[in-house]
Amino acid sequence: MLRAALLKLSDSKRLANWVTTNEKTRKMSRRFVAGEELADALAAAKACNDMGMHASLDYLGENVSTTADAQRARDAYLEIFEAIARERLHANVSCKLTQLGLDLSSEFSEGLAMSIVEAAARHDNFLRVDMEGSNYTQRTIELVKRVRMQSPAVGTVIQSYLYRSEQDVQDLLAYGCRIRLCKGAYKEPEEVAYKSKADVDNNYVRLMKMLLTSGFYHGIATHDPKMIAATIRWASEKRISKDDFEFQMLYGVRTDLQRRLVRDGYRLRIYIPFGRDWFPYFMRRLAERPANLGFFVRNFFRK
Ligand SMILES: Cc1cc2nc3c(=O)[nH]c(=O)nc-3n(C[C@H](O)[C@H](O)[C@H](O)COP(=O)(O)OP(=O)(O)OC[C@H]3O[C@@H](n4cnc5c(N)ncnc54)[C@H](O)[C@@H]3O)c2cc1C
């Protein structure tokens, strides 16, 4: 119930406005968000690289309501690819289609996504299109497939909590699409998504096996030691090299596990969000682990 309440609150513009302008909560957001400026994200990516980890930079923002905001987000992504190349970072980029105007029009959003993917290709880099709530799944997959037909510099995300995901994996693999597998972070009805952790986890393992034996390079995004162990077991059983896939984790989450994977010779990419529009992302991180909420409430009231 707490998870559902936090995910519902993540849509509240009034709460977002209060939380993102309060000095104390802004500081607390740093647990999960690298900072508000591109320079903060570049510094975090450099620190990851120094520890043997790759990065994916996400300029936070979603559900924009004007074409001007979407175009500004596109420009920010073009700048990020320039900066990654200039700083010689081992980093790619993640973005959400609703930040590129998907709520306004699929065609408009696709045009912006295409120009970002062209920039990624020019820099021999890669754009990962994040997966949002299930209202957007079909449109995201269709759009990514169309862009993928024009450039290999794009991939997307599959969520194991959705019933449809096995079909989507097969569909995307037919396009040679690189996939990030995650469990899923949104509030979904039972008509479309598994509700029990056991079902979500079983589906995660099933999809992970499909991805690892597909012959393409994919990202296994999780902090769950059981999912990680299942991946390592499957890779070893099928003689899949440690260089043929990567683990992915979120900035600020399970840094102990991050270091252990790198020490054991696995590839690891850290998802580094930055920007001023951090409220919905932050709320999803709180929702994933109720203990986080207690931690933040205690810190908020501490003098
Ligand atoms: C790189 C990356 C990209 C992602 N992209 C997307 C996306 O595009 N779309 C989408 O819907 N979701 C995305 N997610 C989020 C994902 O769907 C899950 O909500 C999130 O990763 C938690 O699931 P888990 O696999 O870690 O397993 P869980 O079973 O939720 O957690 C396992 C353990 O991980 C730790 N943990 C997990 N989350 C937290 C947290 N917030 N704070 C502290 N500890 C935590 C805890 O120790 C927990 O016991 C992404 C996740 C990662 C790692």
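Conventions adopted
Residues numbered from 1 in each chain as written. Predicted model: local features only at pLDDT ≥ 70, side-chain atom pairs only at ≥ 80, totals over all residues. Heavy atoms only, no water. Helix = DSSP H or I, 4+ residues; strand = E, 2+ residues; numbered from the N terminus. Rg over C-alpha atoms; globule rule 2.2 N^0.38 Å. Contact = heavy atoms within 4.5 Å. Areas by Shrake-Rupley, 256 points an atom, 1.4 Å probe, with all protein chains shown as cover. Lys, Arg positive; Asp, Glu negative; His and termini not counted. Charge placed at Lys NZ, Arg CZ, Asp CG, Glu CD. Near = heavy atom within 4 Å. Polar contact = N/O pair within 3.5 Å; in protein donor to acceptor, adjacent residues only side chain to side chain. Nonpolar A, V, L, I, M, F, W, Y, C, P; charged D, E, K, R; others polar. Expected span 1.5 Å × (residues − 1). Buried < 20%, exposed > 50% of the residue type's maximum accessible area, 1.4 Å probe, protein only. Arc of directions from axis to C-beta. Core = buried A, V, L, I, M, F, W, Y, C linked by side-chain atoms within 4.5 Å. Pairing = 2+ DSSP bridges. Axes fitted to C-alpha atoms, helices over the stretch in contact; angles between N-to-C directions.

> Looking at this structure, I do not really get the overall build of the protein. What am I missing?
What the protein contains, in helices and strands, is 13 helices and eight strands. Its C-alpha radius of gyration of 18 Å places the protein within 12% of the 19 Å reference for a compact globule of 303 residues. The C-alpha extent of the protein, read off along each of the three principal axes, is 55 × 45 × 40 Å. Of all intrachain contacts in the protein linking residues separated by at least 6 positions in sequence, the fraction that spans at least 24 positions is 72%. Of the accessible surface of the protein, which amounts to about 14,400 Å², a share of 51% is contributed by carbon and sulfur atoms. Computed over 48 positive and 38 negative side-chain charges, the inter-centroid distance for the protein is 6 Å.

> For this particular structure, what's the right way to read the site of the ligand?
Around the ligand sit 27 residues in total, of which M131, G184, T222, H223 and E288 are the nearest. Contacts to the ligand include Q159, whose side-chain N or O atom sits 2.9 Å from an oxygen atom. Those elements giving two or more residues to the shell around the ligand turn out to be strand 4 (154-159), strand 5 (178-182), strand 7 (245-250) and helix 12 (279-288). At three residues, strand 7 tops the list of elements feeding residues into the shell around the ligand. Its residues assigned to classes, the shell around the ligand shows eleven nonpolar, six polar and ten charged.

> How should helix 10 (residues 225-237) be read in this particular structure?
Every α-helix winds through 3.6 residues per turn, so residues three or four apart in the chain are directed the same way. Look at helix 10: 18 Å from first C-alpha to last across 13 residues, which is about the 18 Å you get at 1.5 Å a residue. Within helix 10 the residues assigned to the buried category are M227, I228, A230, T231, W234 and A235. The buried side chains of helix 10 occupy one side of the element, clustering within an arc of 160° when seen end-on. Away from its buried face by more than 90 degrees, helix 10 exposes K226, R233, S236 and E237. Near the N-terminus of helix 10, the side chain that reaches the backbone nitrogen of K226, with its oxygen 2.9 Å away, is that of D224. After helix 10 finishes, the residue R239 shows a positive phi value of roughly 55°.

> Whenever I open this one, the nonpolar core confuses me. Can you help?
Residues L57 and I272 are the most contacted members of the largest nonpolar core, which totals 75 residues. Residue contacts for L57: discarding those within four places in its chain leaves A41, L42, A45, I80, I84, N92, V93, S94 and I272. In this structure, V19, L250, L286 and F296 belong to the second largest nonpolar core, which totals 19 residues.

> How do you make sense of the sheet that holds strand 7 when you look at a structure like this?
Pairing between sheet strands relies on hydrogen bonds along the backbone, with the strands arranged either parallel or antiparallel. In spatial order, the strands read 1-2-3-4-5-6-7-8; together these eight strands close into a barrel with parallel pairing. With strand direction ignored, the average angle separating the axes of adjacent strands in the sheet is 30°. As judged from the four bridges shared by strand 6 (residues 218-221) and strand 7, these two strands associate in the parallel manner. Bridge pairing in strand 7 places G219 opposite E246.

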